[in-house]
Amino acid sequence: MFDITFVPDSIREPTEKQLAKLVRASEMDLRYEYFETKLSITTDEFGNQSIPGSPALDFVFCLILAARDIRQGNPGRISFTENDLLIHFTPDGETVTVTRSWDPATGHCTVAEFFAVAYRFSSEVLELIVRRYPAFQENPAHGKLVGMVEELRAS
């Protein structure tokens, strides 16, 4: 089993200033300064690993880029801007090995399961943010992310 989830109620509300510039905020600002949340990654082998205080959109970007790498047969990774921790995804045939820089325990999933979880997680994050903050749809980064998620769905 492999899963990545987030706690919708844990998403930090943007400040008034952030809300005022949501439509024109840069991709980097959106990735690193907005929508911090509590995430978790789970495999049968290492169980549920909570990752509090992660910027949700940055995690989505990194996860989709990791999926692109895996699709090409290359390792992918998620790095955290707020610290030096890493999650590595290493494909080997139809299996992906999941390693975390802070724990020697590894996890595994199928490539198909990895793509399905990455698509579901990314879609859920974007849908929640749009539902709460409709103006986000007007930001160019939203369109870019939607395109990346659709590309992932085709995997």
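Refer to the preceding data block for the structure.
Residues numbered from 1 in each chain as written. Predicted model: local features only at pLDDT ≥ 70, side-chain atom pairs only at ≥ 80, totals over all residues. Heavy atoms only, no water.

1. Focus on the overall build of the chain
Logical step 1: For the chain, the helix and strand inventory stands at five helices and seven strands.
Logical step 2: Each helix (α) and strand (β) of the chain, taken in turn from the N terminus, gives the series β-α-α-β-β-α-β-β-β-β-α-α.
Logical step 3: For 155 residues, the compact-globule estimate of 2.2 N^0.38 gives 15 Å, and the C-alpha radius of gyration of the chain, at 15 Å, lies within 12% of that figure.
Logical step 4: Over its C-alpha atoms, taken along the principal directions, the chain stretches across nearly 45 × 30 × 25 Å.
Logical step 5: Buried positions account for 45% of the 155 residues belonging to the chain.
Logical step 6: Taking the intrachain contacts of the chain between residues at least 6 apart in sequence as the baseline, contacts between residues at least 24 apart amount to 54%.
Logical step 7: For the chain, the accessible surface area stands at approximately 7500 Å², while carbon and sulfur atoms represent 52% of it.
Logical step 8: Averaged over its 15 positive side-chain charges, the chain has a centre that lies 6 Å from the centre of its 23 negative ones. (Helix = DSSP H or I, 4+ residues; strand = E, 2+ residues; numbered from the N terminus. Rg over C-alpha atoms; globule rule 2.2 N^0.38 Å. Buried < 20%, exposed > 50% of the residue type's maximum accessible area, 1.4 Å probe, protein only. Contact = heavy atoms within 4.5 Å. Areas by Shrake-Rupley, 256 points an atom, 1.4 Å probe, with all protein chains shown as cover. Lys, Arg positive; Asp, Glu negative; His and termini not counted. Charge placed at Lys NZ, Arg CZ, Asp CG, Glu CD.)

2. As for the packing of aromatic side chains
Logical step 1: Inspection of every chain in the model, using the stated rule, returns 11 aromatic pairs.
Logical step 2: With a centroid separation of 5.6 Å and 70° between ring planes, the pair formed by Phe 59 and Phe 121 is classed as edge-to-face. Separated by 62 residues along the polypeptide, Phe 59 in helix α3 (residues 56–71) and Phe 121 in helix α4 (residues 111–132) bring together distant segments of the chain.
Logical step 3: Between Phe 89 and Phe 114, the aromatic rings sit 4.9 Å apart at their centres with planes inclined by 55°, giving tilted as the arrangement. Here Phe 114 lies in helix α4 and Phe 89 lies in strand β5 (residues 86–92), a separation of 25 residues in the sequence. Accessibility assignment for this pair places Phe 89 and Phe 114 in one class, buried.
Logical step 4: Members of the aromatic cluster, joined through ring pairs, are Phe 6, Phe 59, Phe 80, Trp 102 and Phe 121.
Logical step 5: Taking NZ or CZ as reference, Arg 100 lies 3.5 Å from the ring centre of Phe 46, over its face. (Phe/Tyr/Trp six-rings, centres within 6.5 Å; stacked < 30°, edge-to-face > 60°. Lys NZ or Arg CZ within 6 Å of the ring centre and 35° of its normal.)

3. So, the sheet that holds strand β4 (residues 76–79)
Logical step 1: The strand order across the open sheet formed by four strands is β4-β5-β6-β7, and the pairing between neighbours is antiparallel. Each edge of the open sheet is held by one strand with a lone partner, namely β4 and β7 (103–110). With strand direction ignored, the average angle separating the axes of adjacent strands in the sheet is 20°.
Logical step 2: Bridge count for β4 against β5 is four bridges, and the pairing is antiparallel. Following the sheet pairing, Ile 78 is matched in β5 by Ile 87.
Logical step 3: Most of the contacts of α3 go to β4, to which it runs at about 165°, and overall it touches β4, β5 and β6 (95–100).
Logical step 4: Most of the contacts of α4 go to β7, to which it runs at about 95°, and overall it touches β5, β6 and β7. (Pairing = 2+ DSSP bridges. Axes fitted to C-alpha atoms, helices over the stretch in contact; angles between N-to-C directions.)

4. A look at unusual backbone geometry
Logical step 1: In this structure, Phe 35 takes a positive phi of about 60° despite not being glycine.
Logical step 2: Here Phe 35 shows up in the loop between α2 (27–33) and β2 (36–43).

5. Details of the nonpolar core
Logical step 1: Judged by nonpolar contacts, the single largest core of 49 residues is most densely connected at Phe 89 and Phe 114.
Logical step 2: For this core, the secondary structure elements donating two or more residues are β1 (2–6), β2, α3, β5, β6, α4 and α5 (140–153).
Logical step 3: For Phe 114, the contacting residues outside a window of four places in its chain are Phe 2, Leu 63, Ala 66, Ala 67, Ile 70, Phe 89, Val 96 and Cys 109. (Core = buried A, V, L, I, M, F, W, Y, C linked by side-chain atoms within 4.5 Å.)

6. Considerations on the pairing of β5
Logical step 1: Relative to β6, β5 is paired through six bridges, and the arrangement is antiparallel. Bridged to His 88 within β6 is Thr 99.
Logical step 2: A loop of two residues connects β5 with β6, the two strands running antiparallel in sequence, and Gly 93 in this loop sits at a positive phi of about 70°.

Such coordinate-based values are descriptive only and should not be taken to indicate function.
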